[in-house]
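These are the residues of each chain, in order.
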Amino acid sequence: MNRNKWVSLIVSLLLVFSLSFPAFAQLKGEIEIFSWWTAGGEAEGLQALFDIYTKKYPDVKVINATVAGGAGTNAKAVLKTRMLGGDPPDTFQVHAGKELTDTWVKTGFMEPLTDLFKSEGWLKVMPKGILDIVSYRGNYWSVPVNIHRANVLWYNKKVFKDNGLTPPKTFDEFFKVADALKAKGVIPFVLGTKDGWEAAHVFETILIAKLGAEGYKGLWTGKTKWSNPKVTEALEILKKLFTYINPDHSAATWDEAYQYIISGKGAMSIMGDWAAGYFFSKGYPDFGWAPVPETAGVFDALSDSFGLPKGCKNRDNVIAFLRVLGSKEGQEAFNIKKGSIPARTDINKNLFPEYQKSCMEDWMKDTIVPSVIHGAAAAEGWVTEFKDVISLFIARPDISTTQKALIQIANRAGVKQ
Ligand code: GAL
């Protein structure tokens, strides 16, 4: 073996060793953990992870670097500036799927974590579907801490009961229920659209309703064309939905708007199950949930994860944090608060609220599709344009112009129409 080969062998052994055993050393210093988790439920989940970490490593100071803004709309821009400027946080929140692989892995910003996945036994306890979306070219690149569901209809159970209503299963039923609520002076549909991604989130779920799981998935691969009349139908529904919305929607963030549901002034919303985390944090456990109309049996999925950026300042402290994230204890503590379900299958289901219990069942039997707004289905550039097109649509709801724009941005993303 020549000198270079010896050097690279020693470097690899050191790497494996440091990935596998940093906890044996007494960890010190600090760790900067970057995320957008500031809302009710999000902040509590993150704190639960910090509590476990700080108990294990009392000499490490945790720096909670958050940039507020749902779905990471603001955080992702700050992150990009820091990463490109050679100042990575020690670890950062990133959606498993295209957001991880296309933005950060293919571009060479991350260290592989395959040895950690093996030594922690995660390959045995994490579902294949989740392992697949944190992998690229035979390596694993980030640790998934949860599975969120995006296609949930939330409702105020008491308002429904008082008015003799049941959760709508189709959009026709949805609009009948909405009319009945409106007649009673209740705001039928609640959403905060201040950060510009929320309407696109709702639209993604309507696309699933109208195109079905395969049709929806095909939009992101080119199998389904954006000129499809079902896309037109989905835009029509979104347009109509917004005629039932809280009038201050553009001034409210996703979480602020949910005061309407809690107070009973508003009745229904479509959002991911971080909404459950928010309701828990506000002491309102008695909310109702159902699949978004016409999406029963489909689970629109996403996963939050954290990785190891090359050149981060506190590498050993990060590896210790990633271990907590992937551990049974960490995943239970976090997900109970967050409204999501763990990304490992060996957890104690009995510890969880009813919502997550039912979600765990759906995850096992439903058809899984990847969320686009939350980074799983398409590269970030496309997602940003998609979000902006839909955000514009709710201000100026012109269906044919918008559908043309959706066709154009798909073409620009390299998915030929
Ligand atoms: C999603 C993220 C969730 C939740 C939500 C609202 O993108 O995956 O964990 O935080 O945004 O901020």
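Computed from a prediction, not measured in an experiment: that's the story for all the values here.

### Overview of the packing of aromatic side chains
Logical step 1: For the structure shown, the criterion picks out 37 aromatic pairs.
Logical step 2: Geometrically, the ring pair formed by Phe174 and Phe175 is edge-to-face, given 5.4 Å between the ring centres and 85 degrees between the ring planes.
Logical step 3: When its relative accessible area of 0% is taken as the criterion, Phe174 is described as buried.
Logical step 4: The exposure class assigned to Phe175 is buried, which follows from its relative accessible area of 6%.
Logical step 5: Note on Phe287 and Trp289: the rings are 5.9 Å apart at their centroids and 55 degrees apart in plane angle, and the pair reads as tilted.
Logical step 6: Here Phe287 falls in the buried class, since its relative accessible area comes to 2%.
Logical step 7: By relative accessible area, Trp289 is classed as partly exposed at 29%.
Logical step 8: Cluster of aromatic residues (ring-pair linked, three or more members): Trp154, Trp254, Tyr258, Tyr278, Phe279, Phe280, Tyr284, Phe287, Trp289 and Tyr355.
Logical step 9: The ring of Tyr244 is capped by Lys182, whose NZ or CZ atom sits 5.2 Å from the centre of that ring.

### Considering the sheet that holds strand 7 (residues 148–149)
Logical step 1: Overall, mixed pairing links the 3 strands, which are arranged 7-12-14 in an open sheet. Every interior strand has two partners, whereas the edge strands, strand 7 and strand 14 (367–370), have only one.
Logical step 2: Inspection of the sheet shows strand 12 (residues 298–302) paired to strand 14 by 4 bridges, in the parallel sense. Bridge assignment links Phe299 to a residue of strand 14, and that residue is Ile368.

### Section: the domain arrangement of the protein
Logical step 1: One can read the domain layout of the protein as domain 1 (23–148 + 302–363) and domain 2 (149–301 + 370–412).
Logical step 2: The gap between the C-alpha centroids of domain 1 and domain 2 is 26 Å.
Logical step 3: Taken together, the 35 residues of domain 1 in the interface contact 29 residues of domain 2.
Logical step 4: For the pair domain 1 and domain 2, the summed buried surface comes to about 2400 Å²; carbon and sulfur atoms form 62% of the total.
Logical step 5: Run the count over domain 1 and domain 2 and you get 2 salt bridges.
Logical step 6: Arg149 is the salt-bridge partner of Asp362, the closest N and O atoms lying 2.9 Å from each other.
Logical step 7: Where domain 1 packs against domain 2, one counts 11 residue pairs in polar contact (both at pLDDT 80 or more).
Logical step 8: Contributions of two or more residues to the side of domain 1 that touches domain 2 are made by helix 2 (42–56), helix 3 (75–84), helix 4 (98–105), helix 16 (328–338) and helix 17 (354–365).
Logical step 9: The dominant element in the side of domain 1 that touches domain 2, judged by the number of residues it contributes, is helix 17, at 7 residues.
Logical step 10: Tallied by class, the residues present in the side of domain 1 that touches domain 2 amount to 10 nonpolar, 14 polar and 11 charged.

### Remarks on helix 3
Logical step 1: For helix 3, the full list of buried residues reads Ala75, Lys76, Leu79, Arg82 and Met83. Buried positions in helix 3, seen along its axis, are confined to an arc of 125 degrees and lie on one side of it. Turned more than 90 degrees away from the buried face of helix 3, the exposed residues are Thr81 and Leu84.
Logical step 2: Note on helix 3: the residue one or two positions beyond its end, Gly86, has a positive phi of about 75 degrees.

### A look at the pattern of salt bridges
Logical step 1: Scanning the entire structure with this criterion turns up 26 salt bridges.
Logical step 2: In this structure, Lys76 and Glu99 form a salt bridge, with 3.1 Å as the shortest nitrogen-oxygen distance. Here Glu99 lies in helix 4 and Lys76 lies in helix 3, a separation of 23 residues in the sequence.
Logical step 3: Of the residues examined, Lys76 reaches a relative accessible area of 16% and is grouped as buried.

### Some words on the site of the ligand
Logical step 1: In the neighbourhood of the ligand, 13 residues make up the surrounding shell, with Glu42, His95, Asp304, Lys338 and His374 lying closest.
Logical step 2: Interatomic distance of 2.7 Å between a side-chain N/O atom of Lys338 and an oxygen atom of the ligand.
Logical step 3: Starting from 300 Å² of accessible surface for the ligand in isolation, the protein chains cover 100%.
Logical step 4: Per-class residue counts for the shell around the ligand are 6 nonpolar, 4 polar and 3 charged.
Logical step 5: Split by domain, the residues of the shell around the ligand number at least three in each of domain 1 (23–148 + 302–363) and domain 2 (149–301 + 370–412).

### Thoughts on the packing of helix 3 against helix 4
Logical step 1: Closest axis-to-axis distance for the helix 3/helix 4 pair is 13 Å, and the angle between their directions is 30 degrees. Here helix 4 runs roughly parallel to helix 3, going by the angle between their axes. In the packing of helix 3 onto helix 4, the handedness of the crossing is right-handed. Every residue of helix 4 that contacts helix 3 at Lys76, Leu79, Lys80 and Met83 is listed here: Glu99, Thr103 and Trp104.
Logical step 2: Looking at the contact of helix 3 with helix 4 residue by residue, the class counts come to 3 nonpolar, 1 polar and 3 charged.

What counts, and where the lines are drawn
Residues numbered from 1 in each chain as written. Predicted model: local features only at pLDDT ≥ 70, side-chain atom pairs only at ≥ 80, totals over all residues. Heavy atoms only, no water. Phe/Tyr/Trp six-rings, centres within 6.5 Å; stacked < 30°, edge-to-face > 60°. Buried < 20%, exposed > 50% of the residue type's maximum accessible area, 1.4 Å probe, protein only. Lys NZ or Arg CZ within 6 Å of the ring centre and 35° of its normal. Pairing = 2+ DSSP bridges. Helix = DSSP H or I, 4+ residues; strand = E, 2+ residues; numbered from the N terminus. Domains from an automatic or database assignment. Contact = heavy atoms within 4.5 Å. Buried area = accessible area lost by both parts, 1.4 Å probe. Salt bridge = Lys/Arg side-chain N within 4 Å of Asp/Glu carboxyl O. Polar contact = N/O pair within 3.5 Å; in protein donor to acceptor, adjacent residues only side chain to side chain. Nonpolar A, V, L, I, M, F, W, Y, C, P; charged D, E, K, R; others polar. Arc of directions from axis to C-beta. Near = heavy atom within 4 Å. Areas by Shrake-Rupley, 256 points an atom, 1.4 Å probe, with all protein chains shown as cover. Axes fitted to C-alpha atoms, helices over the stretch in contact; angles between N-to-C directions. Parallel < 35°, antiparallel > 145°, perpendicular 65-115°, else oblique. Left-handed = near helix turned anticlockwise from the far one by under 90°.

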